[in-house]
Amino acid sequence: MVRKRWSGRESSRATVAAVSPTVDLGPFPDSDGYDDARTADSADPLAGFRDRFADDDPELIYLDGNSLGRLPLAAVSAVEHAVRTQWGSRLIRSWNERWWTLAQDVGGRIAPLIGATADEVIVADSTTVNLHKLAAAALTAQDGRDGVVTDDLNFPSDVHVLRSVATAAGGELTVVPSDGVHGPVEELIGALSDSTALLSLSATAFKSGYTYDLDRLTAAAHEAGALVLWDLSHAAGAVVVDLAGAGADLAVGCTYKFLNGGPGSPAYLFVRRGLQERLQNPIAGWWGDADPFEFGLDHVGAPGVSRFQTGTAPILSLVGAEAGIDVVADAGMEAIDRKGRALVARAEAQFEARLALLGMRWASPRDPARRGAHALLAHDDAWRICQALIEHGRVIPDFRAPDTIRLGFAPLTTSHVEVHTAIERLARVIESDAAAGYSADRSAVT
Ligand SMILES: *Cc1c(COP(=O)(O)O)cnc(C)c1O
């Protein structure tokens, strides 16, 4: 089987390299909404943050910050310092000078962004591995219960993990079906029973952007005697998350999306303070030991959230992630949340004006309270349109099989005029039939 990744943009380039663009890239000052977008940008308190990120191609509109955030300029100098000075000159002394506590330090910086305290969050491993650790720990702690409940909006990796963890515990995973856009809230609550050990959901769904009411679902899980584990990957850095306010037990998330941590940067995990001593790390390792430099052969979990570390932290990635997280912290989640919602609302209004007439469907929630900072558009010919949009329209979105285009609006780096221009370019790509030059066969490319 041919494995296809991302949007296939490299291969589409090869196909059409000789074709000159036929789509006007704008800006489109005479189009409806343009003046309003300009005004919104000039009043945007976050407008200056764009200068803190690398951008060598102003014509390109990058709407994929929810998959890989732009490069913060501070990450370049931080990683260079870590390589040249800390590794190159200080060598092993750097462990004591900075590296040994870096996973805790960066966890502490993420904490206020998700409504947690510094001693409840640690950076480690990938989101997938952290989800496994916390889900398995929760099932072990929930004596006599072995069921896990999630929904079909969840990310595949999460569903794989939850199923394997439930099966290993002798229980079952229930995947509650949705309509493909909205979280099946009532059905989820109805699926909780006295055998449910854990409810685990993506706070913001990776495709439609549906954003759960964390308070309500957490309370429902607790009422049924279950613990709750939120995946914040598409929520953190995009919308205000208040884990403490919701009374959430557990959470995981990645740092390379809206937190701008860089490709493959390590993930984080949250364990509510009152729960920390009750849970054991199922992937025990020396980094989560109470006294790793005793080199004892009997594992004693470190006090607090540190026990959920396993092995050596990826220092260079962590240094880059720290720079991205710092930029988010400087901007503040309230301002980021507000701008993200405004960008999605702008895309929605312009969708109605331009794209609804061209065979596109809005595949995200209409209720502003129930969405994140990305939106999903569906079209029968989405795959070819997506390729043409990247090549001719110079807009980078994500294609999501089988028939959707996902637009991510990173509040720190996406402007209102860019949203306006991107939708106008998309409309023109469809109107000009620029997609005709592309194969509809998705298996033909890798
Ligand atoms: C991006 C994402 C992941 C990524 O997991 P990795 O282990 O970093 O590959 C997991 N879950 C959700 C919900 C995501 O959006």
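Calculation criteria
- Residues numbered from 1 in each chain as written.
- Predicted model: local features only at pLDDT ≥ 70, side-chain atom pairs only at ≥ 80, totals over all residues.
- Heavy atoms only, no water.
- Helix = DSSP H or I, 4+ residues; strand = E, 2+ residues; numbered from the N terminus.
- Domains from an automatic or database assignment.
- Contact = heavy atoms within 4.5 Å.
- Buried area = accessible area lost by both parts, 1.4 Å probe.
- Salt bridge = Lys/Arg side-chain N within 4 Å of Asp/Glu carboxyl O.
- Polar contact = N/O pair within 3.5 Å; in protein donor to acceptor, adjacent residues only side chain to side chain.
- Axes fitted to C-alpha atoms, helices over the stretch in contact; angles between N-to-C directions.
- Left-handed = near helix turned anticlockwise from the far one by under 90°.
- Nonpolar A, V, L, I, M, F, W, Y, C, P; charged D, E, K, R; others polar.
- Near = heavy atom within 4 Å.
- Pairing = 2+ DSSP bridges.
- Core = buried A, V, L, I, M, F, W, Y, C linked by side-chain atoms within 4.5 Å.
- Buried < 20%, exposed > 50% of the residue type's maximum accessible area, 1.4 Å probe, protein only.
- Phe/Tyr/Trp six-rings, centres within 6.5 Å; stacked < 30°, edge-to-face > 60°.
- Lys NZ or Arg CZ within 6 Å of the ring centre and 35° of its normal.

**Q** Just checking my understanding: could you explain unusual backbone geometry for this structure?
**A** Apart from glycine, the bulk of residues carry a negative phi angle, and the bulk of peptide bonds sit in the trans form. A cis amide bond links Gly 26 to the next residue, Pro 27, at an omega of 5 degrees. Along the chain, the position of Pro 27 falls in the loop between helix H1 (9–16) and helix H2 (34–42). One non-glycine residue, Asp 125, lies in positive phi territory at about 50 degrees.

**Q** Looking at this structure, how should I read the domain arrangement of the protein chain?
**A** The parts lose accessible area when they come together, and the size of an interface is often stated as this lost area. Splitting the protein chain by domain gives domain 1 (13–62 + 332–437) and domain 2 (75–330). For domain 1 versus domain 2, the distance between C-alpha centres works out to 30 Å. Contact with domain 1, which involves 25 residues of that partner, is made by 24 residues of domain 2. When the buried area of domain 1 at its contact with domain 2 is split by residue, Met 333, Arg 370 and His 374 rank highest and sum to 30% of it. Across the contact surface, domain 1 and domain 2 share 1 salt bridge. A salt bridge links Asp 330 to Arg 52, with the nearest nitrogen and oxygen atoms 2.8 Å apart. The interface formed by domain 1 and domain 2 includes 16 residue pairs in polar contact (both at pLDDT 80 or more). The element best represented in the side of domain 1 that touches domain 2 is helix H12 (residues 333–355), accounting for 5 residues.

**Q** Help me out: how do you make sense of the packing of helix H3 (residues 73–90) against helix H11 (residues 315–331) in this one?
**A** Helix packing geometry: the angle between the two helix axes and the distance between the axes. Here H3 crosses H11 at 145 degrees, and the two axes come no closer than 8 Å. Along this stretch, H3 crosses H11, giving a crossing that reads as right-handed. Between H3 and H11, the residues in contact are Ala 74, Ala 75, Ala 78, Val 79, Ala 82, Val 83 and Trp 87 and Leu 316, Val 319, Gly 320 and Ala 323, respectively. Partitioning the contact of H3 with H11 into residue classes produces 10 nonpolar, 1 polar and no charged.

**Q** I'm lost on the site of the ligand in this one. Help?
**A** The ligand sits among Ser 126, Thr 127, Thr 128, Phe 155, Asp 158, Ser 202, Asp 231, Ser 233, His 234, Tyr 256 and Lys 257. A distance of 3.4 Å separates an oxygen atom of the ligand from a polar backbone atom of Thr 127. Contact between the ligand and His 234: an oxygen atom at 2.9 Å from a side-chain N or O atom of the residue. Of the residues assigned to the shell around the ligand, the class counts are 2 nonpolar, 6 polar and 3 charged.

**Q** Help me understand the sheet that holds strand S6 (residues 227–231), please; the structure alone is not making it clear to me.
**A** The strands that make up a sheet pair up through hydrogen bonds in the backbone, lying either parallel or antiparallel. Strand order in the open sheet formed by 7 strands is S2-S8-S7-S6-S5-S3-S4, with mixed pairing between adjacent strands. Among the strands making up the open sheet, the edge pair consists of strand S2 (121–123) and strand S4 (173–176). For this sheet the average axis-to-axis angle between neighbouring strands, irrespective of direction, equals 20 degrees. Pairing geometry for strand S3 (residues 147–151) and S4, over 4 bridges, is parallel. Bridging from a neighbouring strand, Val 148 pairs with Leu 173 of S4.

**Q** I tried to follow the sheet that holds strand S10 (residues 374–378) on my own but got confused; where do I start?
**A** Reading across from one edge, S9-S10-S13-S12 is the order of the 4 strands in this open sheet, with antiparallel pairing throughout. Each end of this open sheet is capped by a strand with a single partner; those strands are strand S9 (361–362) and strand S12 (398–400). In the sheet, S12 pairs with strand S13 (residues 404–408) via 3 bridges, with the strands oriented antiparallel. Bridge pairing in S13 places Asp 398 opposite Arg 406.

**Q** I tried to follow the nonpolar core on my own but got confused; where do I start?
**A** Most often, soluble globular proteins have nonpolar side chains that are buried together. Counting 91 residues, the largest nonpolar core has Ile 114, Leu 198, Trp 230, Leu 232 and Leu 243 as the members making the most contacts within it. Per-element accounting of this core gives the leading share, 8 residues, to H11. The residue makeup of this core includes at least three contributed by each of domain 1 (13–62 + 332–437) and domain 2 (75–330). Non-local contacts of Leu 198, meaning those with residues more than four positions away in its chain, are made with Ala 135, Ala 138, Leu 139, Gly 147, Val 148, Val 149, Leu 162, Ala 226, Leu 227, Val 228, Leu 229 and Leu 250. Residues Val 395, Ile 405, Val 429 and Ala 434 belong to the second largest nonpolar core, which totals 34 residues.

**Q** Hey, could you run me through the packing of aromatic side chains in this one?
**A** Two aromatic rings are characterised by how far apart their centres lie and by the angle between their planes. Applying the stated criterion across every chain yields a total of 15 aromatic pairs. On the numbers, 5.0 Å between centres and 90 degrees between planes, the contact of Phe 155 with Phe 206 is edge-to-face. Taken together, the positions of Phe 155 in the loop between S3 and helix H7 (156–168) and Phe 206 in the loop between strand S5 (196–202) and helix H9 (214–223) put the pair 51 residues apart, joining distant regions of the chain. The exposure class assigned to Phe 155 is partly exposed, which follows from its relative accessible area of 35%. Residue Phe 206 is classed as buried on the basis of its relative accessible area of 11%. Centre to centre, the rings of Trp 286 and Trp 287 are 6.5 Å apart; their planes meet at 80 degrees, and the pair counts as edge-to-face. Assessed through its relative accessible area of 38%, Trp 286 is described here as partly exposed. An aromatic cluster is defined as three or more aromatic residues linked by ring pairs; in this entry it consists of Trp 95, Trp 99, Trp 100, Trp 286, Trp 287, Phe 293 and Phe 295. Geometry around Phe 155 places Lys 257 over its ring, the cationic atom sitting 5.5 Å from the centre.

**Q** Just to check I follow, could you spell out the environment of Phe 49 for this structure?
**A** Within the secondary structure, Phe 49 is located in the loop between H2 and strand S1 (61–62). For Phe 49 and Thr 101, which are 52 residues apart along the polypeptide, the C-alpha to C-alpha distance reads 28 Å. Apart from the residues lying within four places of it in its own chain, the contact partners of Phe 49 are Val 327, Asp 330, Ala 331 and Leu 412.

**Q** How do you make sense of the pattern of salt bridges when you look at a structure like this?
**A** When charged atoms on two side chains of opposite charge get close, those side chains can pair. Under the defined criterion, the tally for this structure stands at 32 salt bridges. Ionic pairing is found between Arg 366 and Glu 352, a salt bridge with its closest N-O pair at 2.8 Å. Placement of the pair is Arg 366 in the loop between S9 and S10 and Glu 352 in helix H12, with a sequence separation of 14 residues. Take Arg 366: its relative accessible area is 43%, and that puts it in the partly exposed class. The partly exposed category is assigned to Glu 352, whose relative accessible area is 38%. When the shortest N-O distance is used, the salt bridge between Arg 428 and Glu 424 registers 2.8 Å. Residue Arg 428 and its partner Glu 424 are located together in helix H14 (residues 416–431), separated by 4 residues, close to a single helical turn. With a relative accessible area of 28%, Arg 428 lands in the partly exposed category.

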